[in-house]
Amino acid sequence: MAAVLGLVAGSYEQIIFGYRVKTAEKEWTAEADFTHHTHTASISAVAASQRFVATGSKDETIQLYDMKKRTEHGALLHHDGTITCLQFYGESHLLSGGEDGLMCVWSTKKWECLKSIKAHKGHVTSLSVHPSGKLALSVGTDKTLRTWNLINGRSAFIKNIKQNAHIVRWSPDGDRYVAVINDKVDIYKLETASVTGTVTNPKRISSLKFLNNSILAVAGDDESVRLCDVDKAEWVCEFKAHETRVKAVDSFSMEDYCVLATASNDGFIKMWKIYLKEKLESPTLLGEVNTSARLTCLAVWTPSSEQPTDEKPASEATTSKELTQVLGKKRRVQIAAEEVILEDESKPKKKKSGKQ
């Protein structure tokens, strides 16, 4: 059965490219669906939910596109500085990070900023929402990796790292996460918040994506994509994807295989079929499209994609062990609409008296 899906890519040329992918044939084809030129500077981040696509730029704005109505949906103007990262949580929330050090939580119903957290003393370079929706990770130019409780918008704990990490990602099961520093991927276990393994890429890493809970696709400043087994902390497959450096990767699952989408400075977006077996074989090329632009970021849009939902908020947790116990209850947090929170990390927090 043919899947309905789209590819959305941002470029240095300030343009967003949207493609509708035809998957019925043996060779997939990507047909031009839309282009938008609402940004006034290069595009730095893109994210997609079932309904919306959000793009961030060096022009300090987040632009929204309604994929159902096929129209522009306005702009979010809360950040002061380049938008560095965007991620949807299901259909209900969008998280954004920027050079102003803020991490913002937006409601997709009225596009209100529910929380504005001073997440880092420098730039926020990357963020990732836990699959449960209860936690977020962020890294920044203050050499810290921070875990956030998304109920109260406060820091659960802070880990000092020796260098500035520029990417952080949860695994699909949420029991581990990875942080990237230049050409190095550190693999962490949630329960202990400690590094269980490290792999080093030949070049600086530009993008990565978990294909499942144990296989990680890694792209960097060369033409190859490498697959890492995070259980063993070793490379298990490598293939040449483009003619120049690969800027971004994303993926989605079909019935019995995974599709990895890659975007490069050479202007091409390519789709690769990967069978996630015990012994990984080199992927086969499903299809490609030439945008004739210098691409910077990429997202796969799948209108049928679903996120787990549950009901009750989690209690507060301050240690890795407590967080693991809270997450083990398989409940989702509803991010409550509260006043904007601006945390000043330099000032000691006052203890609040308990309320009935």
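Per-chain numbering applies: the sequence of each chain, read as written, is numbered from 1 onward. Only residues with pLDDT of at least 70 are given local features in this predicted model, and only at 80 or more are side-chain atom pairs given and counted; all residues enter the totals for whole chains, interfaces and linings. Only hydrogens and water are set aside when side-chain values are computed; all heavy atoms of the structure are taken into account.

## Thoughts on the pairing of strand β10 (residues 102-107)
What counts here: Summary of the burial criterion: residues with accessible area below 20% of their type's maximum are buried, those above 50% are exposed, and those between are partly exposed, where the area comes from a 1.4 Å probe applied to protein chains only. Starting at the N terminus, helices and strands are each numbered in turn, a helix being any DSSP run of H or I of at least four residues and a strand any DSSP run of E of at least two. The criterion for strand pairing is that DSSP finds at least two bridges linking the strands in question.
Buried residues dominate β10, accounting for 6 of its 6 residues. By the alternation rule, side chains of β10 split into L102, C104 and W106 and M103, V105 and S107, which are all buried. Two strands pair when backbone bridges link them, and strand β9 (residues 93-98) and β10 are joined in this way by 5 bridges, in the antiparallel orientation. Within the sheet, the bridge partner assigned to H93 lies in β10 and is S107.

## Thoughts on the sheet that holds strand β6 (residues 62-66)
Note the cut-off: Where helices are involved, their axes are fitted lines through C-alpha atoms of the stretch in contact, as for all axes, and angles between N-to-C directions lie from 0 to 180°.
Here we have 4 strands laid out as an open sheet, ordered β4-β5-β6-β7, and antiparallel in their pairing. Looking at the sheet topology across the chains shown, the edges are occupied by β4 (43-48) and β7 (71-76). The sheet shows a mean angle of 20° between the axes of neighbouring strands, taken without regard to direction. The sheet contact formed by β4 and strand β5 (residues 52-57) spans 5 bridges and is antiparallel. Bridging from a neighbouring strand, I43 pairs with S57 of β5.

## Here we look at the nonpolar core
Put simply, the test is: Only buried residues count toward a nonpolar core. Its members are Ala, Val, Leu, Ile, Met, Phe, Trp, Tyr and Cys residues joined through side-chain atoms within 4.5 Å.
Counting residues in hydrophobic clusters, the biggest one holds 23 residues, and the most contacted among them are L7, W28, V259 and I269. Within the residue set of this core, elements represented by two or more residues are β1 (5-11), β2 (16-22), β24 (246-253), β25 (258-264), β26 (268-274), β27 (284-290) and β28 (295-301).

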